[in-house]
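Descriptive structure summary
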Amino acid sequence: MHYQIEFLPSALEQLRALPKDARRLVGGKLDRAQHDLAGDIKKLKGFKNKYRLRAGNYRALFELEGACLVVYDVGDRKDIYE
């Protein structure tokens, strides 16, 4: 299944604030996730449709809404879950 990716405005700002190499890494992993949720993706415990995508030391948190991945948080792994 092919998923559409949408970013909340706050997640887009967080992505733009990352170093260039981290942006490329996260972007590449999100691109792969569009195709059948490929990559290092895990469901977050305690939530119905919330997932995390691991990209090195960075994480992208997203929700599945039908055929759409809605990215709501992007950042370093040590700060993302707070």
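What comes next is a walk through the structure. (Residues numbered from 1 in each chain as written. Predicted model: local features only at pLDDT ≥ 70, side-chain atom pairs only at ≥ 80, totals over all residues. Heavy atoms only, no water.)

Here we look at the nonpolar core
- Ranked by size, the top nonpolar core spans 19 residues in total, and within it Leu18, Val26, Phe62 and Val74 carry the most contacts.
- Counting only elements with at least two residues in this core, the list comes to helix H1 (9–17), helix H2 (20–33), strand S3 (50–55), strand S4 (58–65) and strand S5 (68–76).
- For Val26, the residues in contact, after removing those within four places along its chain, are Leu15, Leu18, Ala55, Tyr58, Ala60 and Val74. (Core = buried A, V, L, I, M, F, W, Y, C linked by side-chain atoms within 4.5 Å. Buried < 20%, exposed > 50% of the residue type's maximum accessible area, 1.4 Å probe, protein only. Helix = DSSP H or I, 4+ residues; strand = E, 2+ residues; numbered from the N terminus. Contact = heavy atoms within 4.5 Å.)

Structural notes on the pattern of salt bridges
- Following the criterion strictly, the structure yields three salt bridges and no others.
- Two residues, Arg54 and Asp40, come together in a salt bridge whose shortest N-O distance is 3.1 Å. In this pair, Arg54 is assigned in strand S3 and Asp40 in the loop between H2 and strand S2 (41–43), connecting sequence segments 14 residues apart.
- Arg54 sits in the partly exposed class, given a relative accessible area of 38%.
- The exposure class assigned to Asp40 is partly exposed, which follows from its relative accessible area of 27%.
- Among the salt bridges present, the one from Glu63 reaches Lys50, with a minimum N-O distance of 3.6 Å. With Glu63 in strand S4 and Lys50 in strand S3, this pair connects stretches of sequence that are 13 residues apart.
- When salt bridges with common partners are traced through the structure, they connect Asp40, Arg52 and Arg54 into a single cluster. (Salt bridge = Lys/Arg side-chain N within 4 Å of Asp/Glu carboxyl O.)

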